[in-house]
Amino acid sequence: MPDASANFDQTILPHLDAAYNLARWLIGNERDAEDVTQEACLRAFKFFDGFRGGDARAWLLTIVRRSAWTWLRSNRRHEEAVEFDEELHGGIDVSASPEVSLIRAGDVDAVRQAIATLPAVFREVLVLRELEDCSYKEIADIAGVPIGTVMSRLTRARRQLQAALSTQPQSGGLS
Amino acid sequence: MNCEQIQKLIHAHHDGELDVANTLQVDEHLADCPSCFNTARQLSALRGTLQNAELRFRAPASLRQSISAAVEQAARAERPAPVTRPWYRQPGWAVAAVLLVACLLTLQMSFRRGDDRLLAELTASHVRSLMATHLYDVASTDQHTVKPWFDGRIDFAPPVKDLRETGFPLLGGRLDFVDGRPAAALVYGRQKHFLNLFVWPSASTSPAELRATQRNGYNVLRWSDGKMNFGLVSDLNEGEMREFVREWSVK
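Everything numeric here is computed off the predicted structure, so don't read it as measured data. Here the residue numbering is sequential within each chain, running from 1 through the sequence in written order. To read the labels, note that chains go from A and ligands from 1, taken in the order they are written. Local features in this predicted model are restricted to residues of pLDDT 70 or higher, and side-chain atom pairs are both shown and tallied only at a pLDDT of 80 or more, whereas totals for entire chains, interfaces and linings draw on every residue. Computation of side-chain values covers all heavy atoms of the structure but excludes hydrogens and water.

(A) Geometry of the overall build of chain A. Strands are runs of DSSP state E lasting at least 2 residues, helices are runs of H or I lasting at least 4, and numbering of each runs from the N terminus. Each helix and strand counted, chain A has ten helices and zero strands in total. Written out in order from the N terminus, the α and β elements of chain A read α-α-α-α-α-α-α-α-α-α. Here the term buried applies to any residue with accessible area under 20% of the maximum for its type, exposed to any over 50%, and partly exposed to those in between, with areas from a 1.4 Å probe on protein chains only. By residue count, 52% of the 175 residues in chain A fall in the buried class. Carbon and sulfur atoms provide 51% of the accessible area of chain A, an area that totals close to 8,100 Å². In these tables, accessible area is a Shrake-Rupley quantity obtained with a 1.4 Å probe, and a residue counts as shielded only by the protein chains included in the view.

And the structure:
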């Protein structure tokens, strides 16, 4: 009914940027990210009756994340799609993080490239925390993992990103 | 705490996710330990880099439009004949459970006579109003507040009477749905009991005698004054309910 779609427009669509941002970072290209976002939104509309109020953004992000992972599994290299295994990849590495000379904040492309080198499980916690400003609890709900897992992934994601940023060739050069 | 323990907490500290006690401990350690302080500084630098708004992708306008259109289309395809029942949209399990019961009742009822179905409907509406704690859309003991409230919400003007003097204070009113059409439900109290008086226009112009029936432990009294149909439902005893009807009719 028209009411339902109007209600959906008001409640859910304000969070479309967040949804697209997550999909775009997970998928890696515009066209597929748009397809995945649209499909997730339609799915959200179908489930909308089941939405009991509360945090609409987290609810939408949960659905988008699931759609994005489904896409990754069927479209990407196998290793990318395997959900991160803490055991396999070890626990928190407490060795000193690399001394970083961070890329200038203005160099957006370089930062994007560095984030893109992270495994998808790391990208998603990093994007949710740093770009969407989600709390650990929200990230845990969206990704369907315990808060402890969110913490260890975030730690590793930041370490890897720091490393990637420090080894990237500086555009502009320092002479 | 040693450096190893601090390193485990330092991200949560950085994200403001630690409780007060741990925050203080980390703060204290950072003041004394150059190495851990350096880690904290790097985390801040990293955040500074990531704060750039351009890193966040924005949904193209075309995507927004295309989703809106697709959702509207899906909405049309799904439910071609909407029925307006405002209180049904109330969230919550109580309503869902009651709906289920009502559906089952309705399903069962479709095999019975229409009269019987009406009886069931009135009782179900009464129970639903109590269960979903949705007794009134307008809560007022003033008939001059309740009556105008129905203006524009319903296609007829239901009579609203205050029977406080005879021990049936008016409590409020709400929209309901009876016999396939919108109806006014007036809520009265009698000590700790609630009475729902359903009012909807009569199809025939001749008055109908008062009929009393019982259903699932509730008393249902029905009558018509030739203009409106009335259905009074309550767990109150039949004698007192007949008293209500007498007072209503003479007032």
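Additional details are given in the paragraphs that follow.
(B) Just the sheet that holds strand S7 (residues 228-234) of chain B, in detail. Residues and elements named next belong to chain B. The pairing criterion is simple: DSSP has to find at least two bridges between the two strands. Pairing is antiparallel across the open sheet formed by seven strands, whose spatial order is S1-S2-S3-S4-S7-S6-S5. Of all strands in the sheet, those bounded by a partner on one side alone are strand S1 (138-139) and strand S5 (208-215). Here S1 runs beside strand S2 (residues 170-178); their pairing, made up of two bridges, is antiparallel. The residue bridging Ala 139 from the neighbouring strand is Gly 172, located in S2. Packed on one face of the sheet, helix H8 (residues 238-250) meets strand S3 (181-190), strand S4 (193-201), S5, strand S6 (218-224) and S7 and runs near 25° to S6. Any two residues having at least one pair of non-hydrogen atoms within 4.5 Å are treated as being in contact. An axis is simply a line fitted to the C-alpha atoms; with a helix, the fit covers only the stretch in contact. Between two such axes, the angle follows the N-to-C directions and lies from 0 to 180 degrees.

(C) Local environment of the pattern of salt bridges. By salt bridge we mean one thing: a side-chain nitrogen of Lys or Arg within 4 Å of a carboxyl oxygen of Asp or Glu. Counting across every chain of the model gives 24 salt bridges over all chains. Residue Asp 17 of chain A pairs with Arg 64 of chain B through a salt bridge whose shortest N-O separation is 3.5 Å. Taken together, the positions of Asp 17 of chain A in helix H2 (residues 16-27) and Arg 64 of chain B in helix H4 (residues 61-78) put the pair across two chains. Residues Asp 162 of chain B and Arg 164 of chain B are paired through a salt bridge, measuring 4.0 Å at the closest nitrogen-oxygen approach.

(D) Geometry of the nonpolar core. Grouping buried Ala, Val, Leu, Ile, Met, Phe, Trp, Tyr and Cys residues that are joined through side-chain atoms within 4.5 Å yields what is termed a nonpolar core. Counting residues in hydrophobic clusters, the biggest one holds 78 residues, and the most contacted among them are Phe 8, Leu 126 and Leu 161 of chain A together with Leu 50 of chain B. Here the element with the most residues in this core is helix H4 (residues 56-75) of chain A; it accounts for eleven residues. Excluding residues within four positions of it along the chain, Phe 8 of chain A makes contact with Leu 13, Cys 41, Ala 44, Phe 45 and Phe 48 of chain A together with Val 71 of chain B. Core analysis: the next-biggest nonpolar cluster, separate from the first, contains 27 residues, Val 146, Phe 156, Leu 175 and Trp 248 of chain B among them.

(E) Summary view of unusual backbone geometry. Residue and element names in this part refer to chain B. Positioned with a positive phi, Gln 191 is a non-glycine residue whose angle comes to about 50°. Note on placement: Gln 191 falls in the loop between S3 and S4. According to the relative accessible area criterion, Gln 191 is exposed, its value standing at 71%. Of note in the backbone geometry, Asn 216 takes a positive phi value of approximately 50° without being a glycine.

(F) Inspection of the interface of chain A and chain B at higher detail. Chain A puts 52 residues into the contact, and the matching count from chain B is 43 residues. The buried area of a pairing is the accessible area, by a 1.4 Å probe, that goes missing from both parts when the two are put together, added over both. Taken together, the two surfaces of chain A and chain B that pack against each other cover about 4,500 Å², and 59% of this comes from carbon and sulfur. For the pair chain A and chain B, the interface holds six salt bridges. We note a salt bridge from Glu 130 of chain A to Arg 47 of chain B, for which the minimum N-O separation is 2.9 Å. Distance and chemistry together define a polar contact, namely a pair of N or O atoms within 3.5 Å, with one atom able to donate a hydrogen and the other to accept it when in protein, and with adjacent residues in sequence counting only for side-chain atoms on both sides. One can count 15 residue pairs in polar contact (both at pLDDT 80 or more) joining chain A with chain B.

(G) Region of interest: the side chain of His 126 of chain B. Tracing the chain through its elements places His 126 of chain B in helix H6 (residues 114-131). Polar side-chain contacts of His 126 of chain B include one of 2.9 Å to the side chain of Asn 196 of chain B.

(H) A look at the packing of helix H10 (residues 147-167) of chain A against helix H3 (residues 34-50) of chain B. Between H10 of chain A and H3 of chain B, whose axes approach to 11 Å, the crossing angle comes to 75°. In this view, H10 of chain A runs roughly perpendicular relative to H3 of chain B, as classed from their interaxial angle. Contact residues: H10 of chain A offers Arg 158, Leu 161, Gln 162 and Leu 165 of chain A, while H3 of chain B offers Gln 42, Leu 43, Leu 46, Arg 47 and Leu 50 of chain B. In this count, Pro and Cys sit with the nonpolar residues alongside Ala, Val, Leu, Ile, Met, Phe, Trp and Tyr, while Asp, Glu, Lys and Arg are called charged and the others, Gly among them, polar. Across the contact of H10 of chain A with H3 of chain B, the residue classes tally to five nonpolar, two polar and two charged. Angle categories: roughly parallel below 35 degrees, roughly antiparallel above 145, roughly perpendicular from 65 to 115, and oblique for all the rest.

(I) How the structure looks around the packing of aromatic side chains. Residue and element names in this part refer to chain B. Side-chain rings of Phe, Tyr and Trp (the six-membered ring for Trp) are treated as a pair once their centres are within 6.5 Å; stacked means planes under 30 degrees apart, edge-to-face means over 60, and tilted covers the remaining angles. Inspection of every chain in the model, using the stated rule, returns 13 aromatic pairs over all chains. Ring geometry for Tyr 188 against Trp 248: centres 6.4 Å apart, planes inclined by 90°, an arrangement best described as edge-to-face. Of the two residues, Tyr 188 is situated in strand S3 and Trp 248 in helix H8; the sequence distance between them amounts to 60 residues. Across the pair, exposure class does not vary: Tyr 188 and Trp 248 are buried alike. On the basis of an interplanar angle of 20° and a centroid distance of 6.2 Å, the ring pair of Phe 244 and Trp 248 is categorised as stacked. Here Phe 244 and its partner Trp 248 are both found in helix H8, four residues apart, which amounts to about one turn of the helix. On the accessibility criterion, Phe 244 (0% relative accessible area) is buried.

(J) Layout of the pairing of S6 of chain B. Residues and elements named next belong to chain B. With seven of its seven residues buried, S6 lies for the most part within the structure. In S6, alternate side chains face the same way, and those of Tyr 218, Val 220, Arg 222 and Ser 224 on one face and Asn 219, Leu 221 and Trp 223 on the other are all buried. The pairing of S5 with S6 spans six bridges and is antiparallel. Residue pairing for S6: Thr 213 is matched across the bridge by Val 220. In this structure, the hairpin formed by S5 and S6 is closed by a connection of two residues, where Asn 216 is found at a positive phi of approximately 50°. Of the strand pairs in this sheet, S6 and S7 are connected by six bridges, and their pairing is antiparallel. Following the sheet pairing, Arg 222 is matched in S7 by Gly 231. The antiparallel hairpin formed by S6 and S7 contains three residues in its connecting segment, where Gly 226 sits at a positive phi of about 90°.

By themselves, these are just geometric observations and shouldn't be taken as functional.
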